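Breakdown of the fold
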Amino acid sequence: MVGGRARSTAPRNLADNPQAWPHADLAGHPAAAVVQAIAATLAGELAARKLSRRGLASLSGVNRQSIADLLAGTSWPDVATIALLESALGQPLWPTTR
């Protein structure tokens, strides 16, 4: 389970090239890869809807800074945050595997 020291490092900083976030190579870091996928999907949804972080914060009840941190890969979002964002967007953010 991710926790402790693993969470003291931001997801983006686990990539070989953190500057490539949210498209960085996170091989060997499956939890960080999930956060990256969520961030990439969220960024795409915001762009497609022409929705600002402030607008999404208002719709979702998630703090604007929390949204910014998720998009930047500097935080480990909790399940409640993801659930609120998904509900506000009517769109799943959690990546699916087949």
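Cut-off values and rules
- Residues numbered from 1 in each chain as written.
- Predicted model: local features only at pLDDT ≥ 70, side-chain atom pairs only at ≥ 80, totals over all residues.
- Heavy atoms only, no water.
- 1 Å grid on protein atoms, 1.4 Å probe; cavity = no way out; pocket = protein on both sides within 12 Å on 5 of 7 lines; lining within 4 Å.
- Points joined across faces, edges and corners; volume = space filled by probe spheres on them.
- Helix = DSSP H or I, 4+ residues; strand = E, 2+ residues; numbered from the N terminus.
- Nonpolar A, V, L, I, M, F, W, Y, C, P; charged D, E, K, R; others polar.
- Polar contact = N/O pair within 3.5 Å; in protein donor to acceptor, adjacent residues only side chain to side chain.
- Contact = heavy atoms within 4.5 Å.
- Core = buried A, V, L, I, M, F, W, Y, C linked by side-chain atoms within 4.5 Å.
- Buried < 20%, exposed > 50% of the residue type's maximum accessible area, 1.4 Å probe, protein only.
- Axes fitted to C-alpha atoms, helices over the stretch in contact; angles between N-to-C directions.
- Parallel < 35°, antiparallel > 145°, perpendicular 65-115°, else oblique.
- Left-handed = near helix turned anticlockwise from the far one by under 90°.

**Quick notes on the layout of surface pockets**
- By volume, the largest pocket is sized at about 220 Å³.
- Mapped by element, the contributors of at least two residues to the lining of the largest pocket are α1 (30-49) and α4 (79-89).
- Examining the composition of the lining of the largest pocket, we find that 4 residues originate from one element, α1, more than from any other.
- Grouping the amino acids of the lining of the largest pocket by side-chain chemistry returns 10 nonpolar, no polar and 2 charged.

**Some thoughts on unusual backbone geometry**
- Look at the link from tryptophan 21 to proline 22: it is a cis peptide, with omega at 5 degrees.
- Along the chain, proline 22 falls in the segment before α1.
- One non-glycine residue, lysine 50, adopts positive backbone phi at about 50 degrees.
- Secondary-structure assignment places lysine 50 in the loop between α1 and α2 (53-60).

**Side note on the side chain of serine 60**
- Inspection of the secondary structure assignment puts serine 60 in helix α2.
- Here the side chain of serine 60 touches valine 62 through a polar contact of 3.1 Å, landing on its backbone nitrogen.
- Residue contacts for serine 60: discarding those within four places in its chain leaves Ile67, Leu84, Leu85 and Ala88.

**Quick word on the nonpolar core**
- Among the nonpolar cores identified, the biggest contains 21 residues, and Leu42, Leu56, Ile67, Leu70, Leu85 and Leu93 are the most heavily contacted of them.
- For this core, the secondary structure elements donating two or more residues are α1, α2, α3 (64-72) and α4.

**Structural notes on the packing of α1 against α4**
- In contact at an axis separation of 12 Å, α1 and α4 are set at 30 degrees when each is read in the N-to-C sense. Taken as axis vectors, α1 and α4 run roughly parallel relative to one another. Crossing geometry of α1 relative to α4 is assigned as left-handed. Here Ile38, Leu42, Glu45 and Arg49 of α1 come into contact with α4, specifically with Ile82, Leu85 and Leu89.
- The residue makeup of the contact of α1 with α4, split by class, is 5 nonpolar, no polar and 2 charged.

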